[in-house]
Amino acid sequence: MNTTTTVSTDFKLQLGSFYVEVWGCQMNVYDGGRIRDLLTAAGFSEVSSPKDADIVVLVTCAVRAKAEDKVFNQIASWQRTGDITKDTIVALGGCVGSELAEKILDLNKSVNIIFGPRTIHRLPQMISEFASTHKPVVDVTADAIDKFDSLPDAGPVGPSAFVTIMEGCSNKCTYCIVPYTRGEEQSRPLQDILDECVNHIANGVKEIHLLGQNVNSYHGLNPDGSICNFSTLLYEVAAVPGVERIRFTTSNPMDFSDDIIEAVQKLDVISDQIHVPIQAGSDRILKAMHRRYTAAQYIELVNKLRKARPSVHISSDFIVGFPGETDEDFEETMKVVNEVKFDQSFSFVYSIRPGTPAALLDDPISKETKMERLYRLQKRLEEIASEYTQAFLGTTQRVLVEGISRKDESELKSRASSGRIVVFKGPTSLVGQMVNVKITSVVAHTLKGEIVNE
Ligand code: SF4
């Protein structure tokens, strides 16, 4: 059940406008959207610049140190340019909010409110409290399901909508701060997720993107109190009238069970792009990361997925230079890259996160060595992804039209099942529709084409 948060009328008159900026993962993007829905429902109005806002809400990322620094640099920059003044209420949340909590008040005096990923629903109350006391408000812990129960229905979001199905993670990979910032894994009840999908479809959405730190281990309650697993959730979402495509992120290889692979085989609405982070190809490093699968098991999973759905595009995440990663370990990663042939993937140098088990490990590898490895990995990943891109030439792709191309207003921007961006000329009335496009050329990883009849 959704309830609308109420804020006193006096408060609305004093604090009318808000601006939201989001850093980090898709779950933060989802939270940013829900904060917009929440503050709008509470009577605030959204503006497009911090300069015009009474309240600036920052949804942050703590996965890498660099991402964390960005938010403080951004606040300092806005202060220099006068976009944030002493009268602006600054609310900082997301994973950095729960990672640092009160410490933020020492790091940056202009932050007034600190919230966590599980307390976004209490933001109007926190704003109200700060406005009346002028004392910093810190509220970072809550039950994840309370958050979803307290949010209003989502407003229109375009043709594709994120739907968070679970919050937190209990896997405790040794390098990762998420279990400490988003808390233990909690799944939303099936019916709440389906209601959110139905609401999105009524607002013109065609594609549902299911989100969670580890979607494959979803175990929400059915209406009768029994447990619904992820494959059943996929069938249920696919059965919602109007759902034309389903994406899901992120999958942990160890929980990608055969019933989920079977759902990928049976449900055409599931996209061809399946993101399965491997992180490293060395079993020794995977063990040190506490990833609980081997490179051979990962390859077996990919082979099963390709057998079930030959058109699947596997993308992945890689961490290079985990503490103690030897040249031999890194070569194991390159071996898996060459064997699996990943499509568009993400790779980063290991970033130490205080409070995680990996932060206590000796890390004798030089920064230069790590950067060299990253460069080699990214070069190879890019070569393979380019081969996939070229292979789309001459094919016909079913695409979801997302909007007008930013580079050329006479073209429409759309997304294929593989995740590739496809641009083509067509009327703006096609925005939000699924159409067939024949690919006629390729620019970097963008496909260009022309609309063809169904
Ligand atoms: S599965 Fe591992 S890397 Fe992913 S969020 Fe959970 S602890 Fe972090």
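Rules used in this analysis
Residues numbered from 1 in each chain as written. Predicted model: local features only at pLDDT ≥ 70, side-chain atom pairs only at ≥ 80, totals over all residues. Helix = DSSP H or I, 4+ residues; strand = E, 2+ residues; numbered from the N terminus. Buried ≥ 20, exposed ≤ 12 C-beta atoms within 10 Å, placed from the backbone. Contact = placed C-beta atoms within 7 Å. Pairing = 2+ DSSP bridges. Axes fitted to C-alpha atoms, helices over the stretch in contact; angles between N-to-C directions. Parallel < 35°, antiparallel > 145°, perpendicular 65-115°, else oblique. Left-handed = near helix turned anticlockwise from the far one by under 90°. Nonpolar A, V, L, I, M, F, W, Y, C, P; charged D, E, K, R; others polar. Domains from an automatic or database assignment. Near = placed C-beta within 6 Å. pLDDT = per-residue confidence, 0-100. Expected span 1.5 Å × (residues − 1). Arc of directions from axis to C-beta.

It is not clear to me how the overall build of the chain should be interpreted in this structure. Could you clarify?
Across its full length, the chain carries 15 helices and 22 strands. For the C-alpha atoms alone, the extent of the chain along its principal axes is close to 60 × 60 × 50 Å. In the chain, which comprises 454 residues, the proportion classed as buried is 43%. At a minimum sequence separation of 6, the contacts of the chain that also span at least 24 residues come to 75%.

I keep staring at the sheet that holds strand β13 (residues 245–249) and nothing clicks. Help me out?
Across a sheet, paired strands are connected by hydrogen bonds in the backbone, their directions being either parallel or antiparallel. Spatial strand order, β7-β10-β13: three strands in an open sheet with parallel pairing. What marks the edges here is a single partner per strand, and that holds for β7 (160–164) and β13. Averaged over all adjacent pairs, the angle separating strand axes in this sheet is 25 degrees, with direction ignored. Sheet analysis places strand β10 (residues 207–211) next to β13, joined by five bridges and oriented parallel. Looking across to β13, one finds that His209 is bridged to Arg247. Across the sheet, helix α2 (residues 26–41) touches β7, β10 and β13, and the angle it forms with β7 is around 100 degrees.

What am I meant to see in the packing of helix α9 (residues 190–202) against helix α10 (residues 230–238) here?
The relative placement of two packed helices comes down to the angle between their axes together with the axis-to-axis distance. Viewed as axis vectors pointing N to C, α9 and α10 meet at an angle of 30 degrees, and their least axial separation amounts to 10 Å. As summarised for this structure, α9 and α10 are arranged roughly parallel, according to the angle between their axes. You can see that α9 and α10 cross each other, and the crossing is right-handed. Facing Leu190, Ile193, Leu194 and Cys197 of α9, the residues of α10 in contact are Leu233, Glu236 and Val237. Broken down by class, the residue content of the contact of α9 with α10 amounts to six nonpolar, no polar and one charged.

Quick question: what am I supposed to make of the sheet that holds strand β5 (residues 113–115) here?
Within the open sheet, the six strands sit side by side as β2-β1-β3-β4-β5-β6. Their pairing is parallel. Looking at strand neighbours, the two that pair on one side only are β2 (45–46) and β6 (137–139), the edges of this open sheet. Packing of α2 onto the sheet brings it into contact with β1 (17–22), β2, β3 (55–60) and β4 (89–94), and relative to β1 it is tilted by some 175 degrees.

Would you explain the domain arrangement of the chain in this entry?
Accessible area lost upon the coming together of the parts is a frequently used measure of interface size. Considered domain by domain, the chain is made up of domain 1 (9–144), domain 2 (146–389) and domain 3 (396–452). Here domain 2 and domain 3 have C-alpha centroids that lie 26 Å from each other. For the side of domain 2 that touches domain 3, the per-class residue count stands at two nonpolar, eight polar and five charged.

I tried to follow unusual backbone geometry on my own but got confused; where do I start?
Backbone geometry follows two general trends: most residues other than glycine have a negative phi, and most peptide bonds adopt the trans configuration. A cis amide bond, omega 0 degrees, links Thr249 with the succeeding residue Thr250. For Thr250, the location among the structural elements is in the loop between β13 and α11 (258–266). Unlike most non-glycine residues, His134 shows phi in positive territory, near 60 degrees. The residue His134 is located in the loop between α6 (123–133) and β6 in this model. On the basis of neighbour count, His134 is assigned to the exposed category, with 9 C-beta atoms found within 10 Å. Positive phi outside glycine occurs at Arg292, with the angle close to 60 degrees.

Whenever I open this one, the site of the ligand confuses me. Can you help?
Every residue lining the ligand is accounted for by Cys169, Asn171, Lys172, Cys173, Cys176, Val178, Pro179, Gln213, Asn214 and Asn252. Taken together, the residues of the shell around the ligand break down into five nonpolar, four polar and one charged.

What is the right way to look at the pairing of strand β22 (residues 446–452) in this model?
Where a strand is regular, its side chains alternate between the two sheet faces. In this structure, strand β20 (residues 421–425) lies alongside β22, joined through three bridges in parallel fashion. Looking across to β22, one finds that Val423 is bridged to Lys448. Alignment of strand β21 (residues 434–443) against β22, held across seven bridges, turns out to be antiparallel. Residue pairing for β22: Val437 is matched across the bridge by Ile451. Here β21 folds back onto β22, and the loop between the two strands holds two residues, one of which, Ala444, carries a positive phi near 55 degrees.

How do you make sense of the confidence of the model for the chain when you look at a structure like this?
Regions with low pLDDT should not have their predicted coordinates read in detail. A residue-level look at the chain finds 96% of positions with pLDDT of 70 or above and a mean pLDDT of 91. Across residues 1–13, confidence stays below pLDDT 50; counting only partners more than four residues off in sequence or on other chains, it has 21 contacts.

Hey, could you run me through helix α14 (residues 327–340) in this one?
An α-helical turn contains 3.6 residues, so a residue and the one three or four places further along point in the same direction. Its 14 residues give α14 an end-to-end C-alpha distance of 20 Å, which sits within 8% of 20 Å, the value for a rise of 1.5 Å per residue. If you follow the buried residues of α14, they end up packed against α12 (283–288), α13 (295–308), β15 (313–315), β16 (317–320) and α15 (367–391).

Can you help me understand helix α3 (residues 65–81) in this one?
Taking 1.5 Å of rise per residue, 17 residues should cover 24 Å, and α3 covers 25 Å from first to last C-alpha, within 8% of that figure. Those residues of α3 not exposed but buried are Glu68, Val71, Ile75 and Trp78. All buried residues of α3 lie within an arc of 90 degrees about the axis, which places them on one face of the element. Exposed residues lying more than 90 degrees from the buried face of α3 are Ala65, Lys66, Asp69, Asn73, Ser77, Arg80 and Thr81. Of the residues one or two after α3, Gly82 is the one with positive phi, at around 85 degrees.

Sorry if this is basic, but what is going on with the packing of α10 against α11 here?
Put simply, α10 and α11 touch, their axes get as near as 8 Å, and they point 20 degrees apart. In terms of their interaxial angle, α10 and α11 are classed as roughly parallel. Between α10 and α11 the crossing geometry is left-handed. Here α10 contributes Phe230, Ser231, Leu234 and Tyr235 to the contact with α11, which in turn contributes Asp259, Ile260, Glu262 and Ala263. For the contact of α10 with α11, the residue count by class is five nonpolar, one polar and two charged.

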